[in-house]
Protein chains: 2
Amino acid sequence: MQIALDEARKASLLDEVPVGAVIVHGETGEIISATHNEMVRNANPTAHAEMLAIQRACQILGKSRLVDYDIYVTLEPCPMCAQAISFARFRRLHFGAYDPKAGGVEHGPRIFHSSSCFHQPEVIGGIEEVPCGEILKEFFQSKR
Amino acid sequence: MQIALDEARKASLLDEVPVGAVIVHGETGEIISATHNEMVRNANPTAHAEMLAIQRACQILGKSRLVDYDIYVTLEPCPMCAQAISFARFRRLHFGAYDPKAGGVEHGPRIFHSSSCFHQPEVIGGIEEVPCGEILKEFFQSKR
């Protein structure tokens, strides 16, 4: 999660909403991809850290199912990213801050509990919750 | 929707699940992007026709909000794509076949009705429902 936080800090410096994601092998801990939001840079509302991390990991590994892998994200994934995490068949999702407004895992549509969701990763929320939330709070405060 | 169907047919020939998407300007009808699923080709579970159409349209137009645009999809979007359609601020979503199992607009988490969804496009489902559904049915029957 420290590496995901570093990615979030990089995003902040680029004026991107500071969210970071890291994909690691569940057993060896090998890092496959580490990304941050690139929505501004790419002028693309779907360029969330998680989506980019999944795209890059699949490209590197040459496969679309990441069954032996875990994903770490500094913020509770939105419904789009939660569904992508399910499609990619992750073993486990670790996330930092909870997102009561726009989250899609423990809030909103709670994607993994929906009838349309055919793979539920194990979910561990609230890891490094304070720093993961602080970086977002500071970013949005600086925008006011 | 005929162009989206043509895209779905192209997908089928490439052994991709035959779903097509087209983004057009809502007033002029100008086509900005036309895509089909590329999940096999890209080894990427997020490479749904809608995601690719949105990414390409944003890239072409150099902006992340497609407020004057409509999207046509041959199949009811899944929760991931429905949320992406909301993020991109589409004016209207037209889709063909309904997807009771994996759809996320009229089924499953019904993304646009969720508390975490801040933009709801107008939704028109069931356009060219029969051919849009038939091409999928034929594809999956040929796999058995």
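Given the structure is predicted, the values throughout are model-derived calculations rather than measurements. (Residues numbered from 1 in each chain as written. Chains lettered and ligands numbered in written order. Predicted model: local features only at pLDDT ≥ 70, side-chain atom pairs only at ≥ 80, totals over all residues. Heavy atoms only, no water.)

**Q** Describe in detail the pattern of salt bridges, supporting the description with residues and values.
**A** All names here are of chain B. What the rule picks out here adds up to 16 salt bridges over all chains. Between aspartate 15 and lysine 143 there is a salt bridge, with its nearest N and O atoms 2.5 Å apart. Taken together, the residues span a long stretch of sequence, with aspartate 15 in the loop between helix 1 (2–13) and strand 1 (20–25) and lysine 143 in the segment after helix 4 (129–142) at a distance of 128 residues. On the basis of relative accessibility, which here comes to 45%, the residue lysine 143 falls in the partly exposed class. One salt bridge connects glutamate 27 with arginine 91, and the closest N-O pair in it is separated by 3.3 Å. Residue glutamate 27 is located in the loop between strand 1 and strand 2 (31–36), and its partner arginine 91 is located in the loop between helix 3 (79–87) and strand 4 (92–97); the two are separated by 64 residues in the primary sequence. The exposure class assigned to arginine 91 is partly exposed, which follows from its relative accessible area of 27%. (Salt bridge = Lys/Arg side-chain N within 4 Å of Asp/Glu carboxyl O. Helix = DSSP H or I, 4+ residues; strand = E, 2+ residues; numbered from the N terminus. Buried < 20%, exposed > 50% of the residue type's maximum accessible area, 1.4 Å probe, protein only.)

**Q** How would you sum up the packing of aromatic side chains? Please name residues and give values.
**A** All chains considered together, the criterion is met by four aromatic pairs over all chains. Measuring from ring centre to ring centre gives 5.3 Å for Phe139(A) and Phe140(A), while their planes differ by 80°; the resulting arrangement is edge-to-face. Both rings, one in Phe95(B) and one in Tyr98(B), keep their centres 5.0 Å apart while their planes meet at 80°; by these two values the pair is edge-to-face. (Phe/Tyr/Trp six-rings, centres within 6.5 Å; stacked < 30°, edge-to-face > 60°.)

**Q** Provide a residue-level description of the relation of the copies chain A and chain B, including the pertinent values.
**A** With an RMSD of 0.0 Å, the operation that places chain A on chain B is a rotation of 180° combined with a shift of 0.0 Å along the axis. One copy is carried onto the other by what is essentially a two-fold rotation axis. Among all residues of chain A, the one whose C-alpha sits closest to the rotation axis is Met80(A), at a distance of 1.9 Å. Interface overlap between copies is the fraction of interface residues in one copy that are interface residues in the other; for chain A against chain B it reaches 100%, indicating a shared surface. (Least-squares fit on C-alpha atoms with pLDDT ≥ 70 in both. Contact = heavy atoms within 4.5 Å.)

**Q** Give me the interface of chain A and chain B: which residues, what numbers.
**A** On the chain B side, the residues contacting the 29 residues of chain A number 29 residues. Where chain A touches chain B, the interface holds zero residue pairs in polar contact (both at pLDDT 80 or more). Breaking the side of chain A that touches chain B down by element, the ones donating at least two residues are helix 2 (49–61) and helix 3 (79–87) of chain A. The element that contributes the greatest number of residues to the side of chain A that touches chain B is helix 3 of chain A, accounting for five residues. Residue composition of the side of chain A that touches chain B, by class: 15 nonpolar, twelve polar and two charged. (Polar contact = N/O pair within 3.5 Å; in protein donor to acceptor, adjacent residues only side chain to side chain. Nonpolar A, V, L, I, M, F, W, Y, C, P; charged D, E, K, R; others polar.)

**Q** Any chance you could break down the packing of helix 2 (residues 49–61) of chain B against helix 3 of chain B for me, citing the residues and the numbers?
**A** Residue and element names in this part refer to chain B. One way to put it is that helix 2 packs onto helix 3 with a least axis distance of 9 Å and a crossing angle of 25°. In terms of their interaxial angle, helix 2 and helix 3 are classed as roughly parallel. Relative to helix 3, helix 2 is oriented so that their crossing is left-handed. When helix 2 is examined against helix 3, the residues Glu50, Met51 and Ile54 are found in contact with a partner set consisting of Met80, Cys81, Ala84 and Ile85. Class assignment of the residues belonging to the contact of helix 2 with helix 3 gives a composition of six nonpolar, no polar and one charged. (Axes fitted to C-alpha atoms, helices over the stretch in contact; angles between N-to-C directions. Parallel < 35°, antiparallel > 145°, perpendicular 65-115°, else oblique. Left-handed = near helix turned anticlockwise from the far one by under 90°.)

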